[in-house]
Amino acid sequence: MVQQSKERTGSQVLMEVFQNEGVEIVFGYPGGAVLPLYHELAKTDIKHVLVRHEQSAVHAASGYARISGKTGVCFATSGPGATNLVTGIATAYMDSVPVVIFTGQVPTFMVGSDAFQETDITGITIPITKHNYLVNNVEELPRIAKEAFYIAKTGRPGPVLVDIPKDVALAPCKAPIPEKIELRGYKPTYKGHPGQVRALAKLIKEAERPLLFVGGGVVASGAEDLVFELAEKIQVPVATSLTGLGAFPENHPLSVGMVGLHGKPCANHAFTECDLLIGLGVRFDDRVTGAIEKFAPQAKIAHLDIDPAEIGKNLRVDLPLVGDISSVLKELLPLVETSRHDAWLKRIKELRNKYPLTYGPGGEVRPQWVIERLGEMTRGQAIITTDVGQHQMWAALFYGYTKSRTYISSCGLGTMGYGLPAAIGAGLASKDMQVWLITGDGSFQMNMPELATAMEQGLPLKILLFNNQSLAMVRQLQHFYYEKQYTAIEFTGNPDFVRLAECYGAEGLRITKKEDVLPVLSQAMKNNRLTLIECLISEEEMVYPMVPPGAGLNEMIMPD
Amino acid sequence: MMKRTLSVLVENRPGVLTRVAGLFSRRGYNIHSLAVGHTENPSISRMTIVVEGDAHIIEQVEKQLNKLIDVIKISDITDEPYVGRELVLIKVNAEPDVRGEIMQIVEIFRARIVDIARNSVIIEATGDEEKIDAIEASLKPFGIREMVRTGKIAMIRGAKTKGMEASGDGSAI
Ligand SMILES: Cc1ncc(C[n+]2csc(CCOP(=O)(O)OP(=O)(O)O)c2C)c(N)n1
Ligand SMILES: [Mg+2]
């Protein structure tokens, strides 16, 4: 498509780029410096979602991107609008979510003068964006806008920020949108090195106890079916990271579930006993490995990832393989023979029986049990977004994910407040699946005003709020590592969440005893409005298992 | 710990130096020196970075630098034959009774005196790191008032280049 180089303003160029990129929704919050963009946006049929805080705009765009597989788009104004984005951007960056953020900036002639609502947002976001731009000249905008979308979505995805001074947005522009992207410093590797692929096939053939470890890179690459095919072909157990949840069905006999600090016992033991660990789109972060010197001690490690910098960063790797997971697996599959690992699978079965996932002691209503029932009632067919805390880990451990892109959480940064705006984005991206937010009283109150946004968008979100009147994950740390001295974790002035929901025009329900659970959950599932369920639980609940600092994955603390 | 010399081609754009320098401090890598200027192609700058670290760190430095969109190509030239040069300006105390001695040192190192005041001189010297260290050490006894070093710049010997031509598409590794 050859673009006419007719004159139009910077903002109009941007709208042309949006049309080309298939942008459907912009999440944002206006202000003086970004008004030129809003003025043009209003003339298109792109939907704008007005949030209540810029952080939520990025979280919502991230939820939208993770469900739709498209790139999320955000607008914010200069100064405080831009700085409010920071936590959202860092959250998206850590989970490699493609989001493009456009910020208004003070006019070019004022840049650098500490003008009203000026902040150096490109400077601030260098460490938390894949790339960013300050557009000094409108003639560069067509190229930059197109590049921004390209960079966000290709290779290892991530957020890209484009800062546009107000005069640039208003200035006439002659430059066409380039047909081709030419970035001599950016050439992601998609195809795996054939020699390395053959070497991996050989490792697989020689191994007795191979284990597949599936992460967010598998989802980003759309390689779920290929992973499934590989697992069945060579009959090996499959574990996932937090971001990989759902990429391999947890009800499959080969699944051992999530590994890590709060991983499933069977998965954690499998890591310690395997003799070949094949990491697929993972980054072996500290919450996965536990003490690195005790990690997978018997295993050769093969690491496949599209980002070469992840390979060898945290871990010695025996077989590095850079490339797109789908592309590499397509090359690999014909090279591996159909095989069985009966003894190993028998051992996995033993581990599963010997070390079951249990709740430990707790109060009257067990959050783990509630989440298990939710998993059954939705038959694993809902989208679950979460916040950060104990509830996040229970949601990861007890729901039973069978579909990719159904567990949406701030995994890398652990950002409290992510869940509600992410649920809004997810709800707008998914027409047919129910969206549940599993949250805690602490996290929910971080971005609670977005209830209004959800209502405005007519989203029938289901919110399951575990109220323990405390920051119980922090309490758990103080319980185990700070002499049970509980400091700064108790809430004494929480609102009545049921009435709060009603204030927003939503439905509020409460679970106070075990018998409430099933009727309340099914009532929420049936009704077609935004429904908040406040579920009262004990602050003394713990997340088990738990790998203490300095311990190996197999040295978990389990309930007595 | 070892010192490696990286020759890095980057887009000649505002902010590139911030991105590179920020990456080093953020990830805890040690820059020994960094020199930057544009190349025969005005849209490209070359950074000569001397970095300290073990093999694992150097590998990470290269990989992380490569992730920056504005970084075009990285070559570790440490083990290749190259010319490495640094320029130094040293302002040293030079009372009339020691000037002769200072002149001798300047001569031995093929340096130059580029400014003279009543009781000090400015000496300019170029050379590799050892030479610059040596001249500094020799002048120290006289009292160095001020010193500024450019950091190393480097170029591969012979007809071979480490520019865009060498790599074709500019992709690294
Ligand atoms: C923005 C932010 N601030 C602080 C933390 C540290 N933190 C981790 S979990 C947690 C407690 C979360 O409380 P709540 O949402 O009620 O969840 P619970 O653990 O009680 O289920 C805190 C404070 C964080 N992850 N994010
Ligand atoms: Mg709580």
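Every value quoted in this text rests on a predicted model; they were computed, and no experiment measured them.

## A closer look at the overall build of chain B
- Counting its secondary structure elements, chain B contains 5 helices and 9 strands.
- What you see in chain B, going N to C, is helices and strands ordered as β-α-β-β-α-β-β-α-β-β-α-β-β-α.
- Structurally, chain B occupies a C-alpha span of about 60 × 35 × 30 Å along its principal axes.
- For chain B, the residues scored as buried account for 42% of the 173 residues in total.

## Thoughts on the overall build of chain A
- The helix and strand tally for chain A stands at 23 helices and 20 strands.
- Its C-alpha atoms give chain A a radius of gyration of 24 Å, within 12% of the compact-globule value 24 Å for 560 residues.
- Overall, chain A is about 70 × 60 × 45 Å in size when its C-alpha atoms are taken along their principal axes.
- For chain A, the residues scored as buried account for 61% of the 560 residues in total.
- Working note: accessible area of chain A is about 21100 Å², and carbon and sulfur atoms make up 53% of it.
- Of the side-chain charges in chain A, 52 are positive and 60 negative, and the distance between the mean point of each set is 5 Å.

## Regarding the coordination of the magnesium ion (ligand 2)
Residues and elements named next belong to chain A.
- The protein atoms donating to the magnesium ion (ligand 2) are Asp441 (OD), Asn468 (OD1) and Ser470 (O), with metal-donor distances spanning 2.1 Å.
- Coordination of the magnesium ion (ligand 2) draws on donor residues from a single chain, spaced D-x26-N-x1-S in sequence. Taken as a pair, aspartate 441 in helix α19 (residues 441–444) and asparagine 468 in the loop between β18 (462–467) and α21 (472–481) lie far apart in primary sequence, 27 residues in all. Judged on exposure class, the residue aspartate 441 and its partner asparagine 468 are both buried.

## What about unusual backbone geometry?
All names here are of chain A.
- A cis amide bond links tyrosine 544 with the next residue in sequence, proline 545, at an omega value of -5°.
- Here proline 545 shows up in the segment after β20 (531–536).
- Positive phi, close to 55°, is recorded for lysine 484, a residue that is not glycine.
- Locating lysine 484 in the fold gives a position in the loop between α21 and α22 (497–503).

## Quick word on the packing of aromatic side chains
All names here are of chain A.
- As enumerated under the stated definition, the model contains 20 aromatic pairs over all chains in all.
- With a centroid separation of 5.8 Å and an interplanar angle of 70°, the aromatic rings of phenylalanine 284 and phenylalanine 295 are classed as edge-to-face. In this pair, phenylalanine 284 is assigned in the loop between β12 (276–280) and α13 (286–289) and phenylalanine 295 in the loop between α13 and β13 (300–305), connecting sequence segments 11 residues apart. Like phenylalanine 284, the residue phenylalanine 295 is buried in the burial classification.
- If you follow arginine 475 out to its NZ or CZ, it ends over the ring of tyrosine 486, 4.1 Å from the centre.
- Of note, lysine 514 hangs over the ring of tryptophan 369, and the distance from its end group to the ring centre comes to 4.6 Å.

## Examining the site of ligand 1
Residue and element names in this part refer to chain A.
- Close contacts around ligand 1 come from 17 residues, with Gln390, Gly414, Gly442, Ser443 and Met473 the closest.
- Here a nitrogen atom of ligand 1 and a backbone polar atom of glycine 414 are 2.8 Å apart.
- In the model, an oxygen atom of ligand 1 is placed 2.6 Å from a nitrogen or oxygen of the serine 443 side chain.
- Taking 590 Å² as the accessible area of ligand 1 by itself, protein coverage stands at 76%.
- Mapped by element, the contributors of at least two residues to the shell around ligand 1 are α17 (390–398), α19 and α21.
- Broken down by class, the residue content of the shell around ligand 1 amounts to 7 nonpolar, 9 polar and 1 charged.

## Remarks on the interface of chain B and chain A
- Chain B puts 24 residues into the contact, and the matching count from chain A is 19 residues.
- Taken together, the two surfaces of chain B and chain A that pack against each other cover about 1800 Å², and 50% of this comes from carbon and sulfur.
- Put simply, B:Lys67 and A:Asp307 hold a salt bridge, and the shortest N to O gap is 2.6 Å.
- Viewed at the interface, chain A and chain B are joined by 8 residue pairs in polar contact (both at pLDDT 80 or more).
- Of all elements in the fold, only α1 (16–26), α2 (55–67) and β4 (71–76) of chain B reach the threshold of two or more residues within the side of chain B that touches chain A.
- Looking at the side of chain B that touches chain A element by element, the count peaks at 7 residues for α2(B).
- In the side of chain B that touches chain A, the residues fall into 6 nonpolar, 9 polar and 9 charged.

## Points about the pairing of strand β7 (residues 160–165) of chain A
Residues and elements named next belong to chain A.
- The buried fraction of β7 is high, at 6 of 6 residues.
- As paired elements, strand β6 (residues 131–134) and β7 share 4 bridges and run parallel to each other. Paired with asparagine 132 across the strands is leucine 161, a residue of β7.
- As for the winding sense of the linkage, the β-α-β connection from β6 through helix α7 (residues 141–153) to β7 is right-handed.

## Remarks on the side chain of A:Asn132
- Position of A:Asn132 among the secondary structure elements: in strand β6.
- Only 2.8 Å separates the side chain of A:Asn132 from the backbone oxygen of A:Thr122, close enough to count as a polar contact.
- Side chain to side chain, A:Asn132 and B:Arg19 meet in a polar contact 2.8 Å long.
- Excluding its chain neighbours within four sequence positions, the residues that come into contact with A:Asn132 are A:Ile121, A:Thr122, A:Thr125, A:Ile126, A:Leu161 and B:Arg19.

## Side note on α2(B)
Residue and element names in this part refer to chain B.
- Spanning 13 residues, α2 covers 19 Å between terminal C-alpha atoms, matching the ideal 18 Å at 1.5 Å per step.
- Of all the residues in α2, the buried ones are Ile58, Gln60, Val61, Lys63, Gln64 and Leu65.
- As for α2, its buried residues are in contact with β1 (2–11), α1, β3 (44–53) and β4.

## A few points about the nonpolar core
All names here are of chain A.
- Counting residues in hydrophobic clusters, the biggest one holds 50 residues, and the most contacted among them are Phe27, Val99, Phe444, Leu451, Leu461 and Ile463.
- The residue makeup of this core includes at least three contributed by each of domain 1 (8–173) and domain 3 (367–536).
- Those residues within four positions of phenylalanine 27 in sequence are excluded, and the remaining contacts are His48, Val49, Ala57, Ala60, Ala61, Tyr64, Val73, Cys74, Phe75, Gly425 and Leu428.
- Residues Val17, Phe18, Phe102 and Val138 belong to the second largest nonpolar core, which totals 38 residues.

## With respect to a nonpolar patch on the surface
- There is a patch of nonpolar side chains on the surface, built from A:Leu477, A:Tyr481 and A:Tyr482 and spanning about 300 Å² of accessible area.
- Structurally, A:Leu477 is set in helix α21.

## What about the domain arrangement of chain A?
Residues and elements named next belong to chain A.
- Structurally, chain A comprises domain 1 (8–173), domain 2 (194–354) and domain 3 (367–536).
- Domain 1 and domain 2 are separated by 37 Å when their C-alpha centres are compared.
- In this assembly, 6 residues from domain 1 lie in contact with 6 residues from domain 2.
- Carbon and sulfur atoms supply 55% of the area buried between domain 1 and domain 2, which totals about 450 Å² over both sides.
- Of all residues in domain 1, Met94, Gly155 and Arg156 give up the largest surface area on contact with domain 2, accounting jointly for 72% of the area buried on that side.
- Along the contact surface separating domain 1 from domain 2 lie 2 salt bridges.
- As a salt-bridge pair, aspartate 307 and arginine 156 come within 2.8 Å of each other at their nearest N and O atoms.
- Taken together, domain 1 and domain 2 are joined by 2 residue pairs in polar contact (both at pLDDT 80 or more).
- Residues of the side of domain 1 that touches domain 2, tallied by class, amount to 2 nonpolar, 1 polar and 3 charged.

Rules used in this analysis
Residues numbered from 1 in each chain as written. Chains lettered and ligands numbered in written order. Predicted model: local features only at pLDDT ≥ 70, side-chain atom pairs only at ≥ 80, totals over all residues. Heavy atoms only, no water. Helix = DSSP H or I, 4+ residues; strand = E, 2+ residues; numbered from the N terminus. Buried < 20%, exposed > 50% of the residue type's maximum accessible area, 1.4 Å probe, protein only. Rg over C-alpha atoms; globule rule 2.2 N^0.38 Å. Areas by Shrake-Rupley, 256 points an atom, 1.4 Å probe, with all protein chains shown as cover. Lys, Arg positive; Asp, Glu negative; His and termini not counted. Charge placed at Lys NZ, Arg CZ, Asp CG, Glu CD. Donors = N, O, S within 2.8 Å, 3.2 Å for Na, K, Ca; no water. Phe/Tyr/Trp six-rings, centres within 6.5 Å; stacked < 30°, edge-to-face > 60°. Lys NZ or Arg CZ within 6 Å of the ring centre and 35° of its normal. Near = heavy atom within 4 Å. Polar contact = N/O pair within 3.5 Å; in protein donor to acceptor, adjacent residues only side chain to side chain. Nonpolar A, V, L, I, M, F, W, Y, C, P; charged D, E, K, R; others polar. Contact = heavy atoms within 4.5 Å. Buried area = accessible area lost by both parts, 1.4 Å probe. Salt bridge = Lys/Arg side-chain N within 4 Å of Asp/Glu carboxyl O. Pairing = 2+ DSSP bridges. Right-handed = clockwise from strand over helix to strand, strands pointing away. Expected span 1.5 Å × (residues − 1). Core = buried A, V, L, I, M, F, W, Y, C linked by side-chain atoms within 4.5 Å. Domains from an automatic or database assignment. Patch = residues over 30% accessible without salt bridge, like charges linked within 9 Å, V, L, I, M, F, W, Y side chains within 5 Å.

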